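# Structure assessment
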Amino acid sequence: MAQNGRILLVEDDENDVELTLTALERFNLRNEVVVVNNGEEALDYLRRSGIFKLRAEGNPVVILLDLKMPKVSGLDVLRQIRSDTELKTIPVVVVTSSREEPDVKQAYALGVNAYVVKPMDFQQFLDAVSHTGLFWAIVNVPPPGLAP
Amino acid sequence: MKEINSRILLVEDEEADIELITNALQQFQMINGMDVAKDGEQALNYLFRRAEYAQRESADPVLVLLDLKMPKVNGIEVLQAMKSDSNLKTIPVVIVTSSRENPDIRTCYELGVNAYVVKPVDFREFTEAIRNVGLFWLLVNQIPKLN
């Protein structure tokens, strides 16, 4: 336990970014959180291309991935991660407002690790996201060979 | 968060660990029912409704907590069988093991494990970790509707 690996948050809604960061701070998680605002940037980050060409090596310990985003959707990002030998074992947790069965089914079919529906209620949102952060940042052991 | 309606399958051969995990989850009333398989073979019989479980009527579990080092069939073989079965592959599998060896961790991720938890040696930390496993996997995580 007690890792401090990087979390990649892929979310286009600014309010949700803010709420998520607040929730992640709740248990004093020391993990660095990198925020990108759409699927294209997420793939650039992961592949160290485009604006992330110069970033240091290493994969995040978990990716928190929204589904409905401009340019490249969350499911497309997930699909590309799972078909890339360098990226395919990174834990991906979908965090979305969609509780539609086809989205849940497709995400699991593509190999998502977990699927979190954003609760509408503020307090419930904080609870859900903070427990998500605690599990994935502290309790889960990520695949070996990730950035420290 | 979701309604609590969850049956889980714990695959574990250590009596002490079964007790600890059961208590950690029951303490927070996070499970309606838990079934325990003491080795990988029993787990596969349960999941595939074979042998002593041929008449099993309960719904499939919403979560499988899976030890790695077990007699007969080990955890990695159970994981492999589940993730290559079209009906069982969407059931979340969380490894709960004392092994923090990289080859085990890597193999599990390559086979599509949902998460990998190393049992803390300290009793209180172990209970805390399992409590968090319950909070996330039983209350927060959403799975596809079971058939």
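Since this is a predicted model, take the numbers as computed values, not measurements. (Residues numbered from 1 in each chain as written. Chains lettered and ligands numbered in written order. Predicted model: local features only at pLDDT ≥ 70, side-chain atom pairs only at ≥ 80, totals over all residues. Heavy atoms only, no water.)

## Notes on helix H1 (residues 15-26) of chain B
Helix length check: H1(B), at 12 residues, gives a terminal C-alpha distance of 16 Å against a target of 16 Å (1.5 Å per residue), a fit within 8%. On its buried side, H1(B) packs onto strand S1 (7-11), strand S2 (33-37), strand S3 (63-66), strand S4 (93-97) and helix H5 (123-140) of chain B. (Helix = DSSP H or I, 4+ residues; strand = E, 2+ residues; numbered from the N terminus. Expected span 1.5 Å × (residues − 1). Contact = heavy atoms within 4.5 Å.)

## Here we look at the packing of helix H5 (residues 122-139) of chain A against H5(B)
Where H5(A) meets H5(B), the closest approach of the two axes is 9 Å, and the angle between their N-to-C directions is 130 degrees. One element, H5(A), and the other, H5(B), form an angle in the oblique class. Here H5(A) runs over H5(B); the crossing is left-handed. In this structure, H5(A) contributes A:Ala128, A:His131, A:Thr132, A:Leu134, A:Phe135, A:Trp136 and A:Val139 to the contact, and H5(B) contributes B:Ala129, B:Asn132, B:Val133, B:Leu135, B:Phe136, B:Trp137 and B:Val140. Looking at the contact of H5(A) with H5(B) residue by residue, the classes come out as 11 nonpolar, three polar and no charged. (Axes fitted to C-alpha atoms, helices over the stretch in contact; angles between N-to-C directions. Parallel < 35°, antiparallel > 145°, perpendicular 65-115°, else oblique. Left-handed = near helix turned anticlockwise from the far one by under 90°. Nonpolar A, V, L, I, M, F, W, Y, C, P; charged D, E, K, R; others polar.)

## What about the pattern of salt bridges?
Scanning the entire structure with this criterion turns up 20 salt bridges over all chains. Across the salt bridge formed by A:Lys118 and A:Asp66, the nearest N and O atoms sit 3.8 Å from each other. Of the two residues, A:Lys118 is situated in the loop between strand S5 (114-117) and H5 and A:Asp66 in the loop between strand S3 (62-65) and helix H3 (74-82); the sequence distance between them amounts to 52 residues. The pair formed by A:Lys118 and A:Asp66 is uniform in burial state, with each residue classed as buried. Of the charged contacts, one joins B:Arg7 and B:Asp35 as a salt bridge, the two residues approaching to 2.8 Å between their closest N and O atoms. Placement of B:Arg7 in strand S1 and of B:Asp35 in strand S2 is noted, with a sequence separation of 28 residues between them. Under the relative-accessibility criterion, B:Asp35 is labelled buried at 18%. A cluster of three or more residues bridged by salt bridges with shared partners is formed by A:Glu11, A:Asp16, A:Asp66 and A:Lys118. (Salt bridge = Lys/Arg side-chain N within 4 Å of Asp/Glu carboxyl O. Buried < 20%, exposed > 50% of the residue type's maximum accessible area, 1.4 Å probe, protein only.)

## Description of the pairing of strand S2 (residues 33-36) of chain A
Burial along S2(A) is one-sided: A:Val34 and A:Val36 are buried, and none of A:Val33 and A:Val35, which face the opposite way, are. In this fold, the crossover linking strand S1 (residues 7-10) of chain A to S2(A) by way of helix H1 (residues 14-25) of chain A has right-handed handedness. (Right-handed = clockwise from strand over helix to strand, strands pointing away.)

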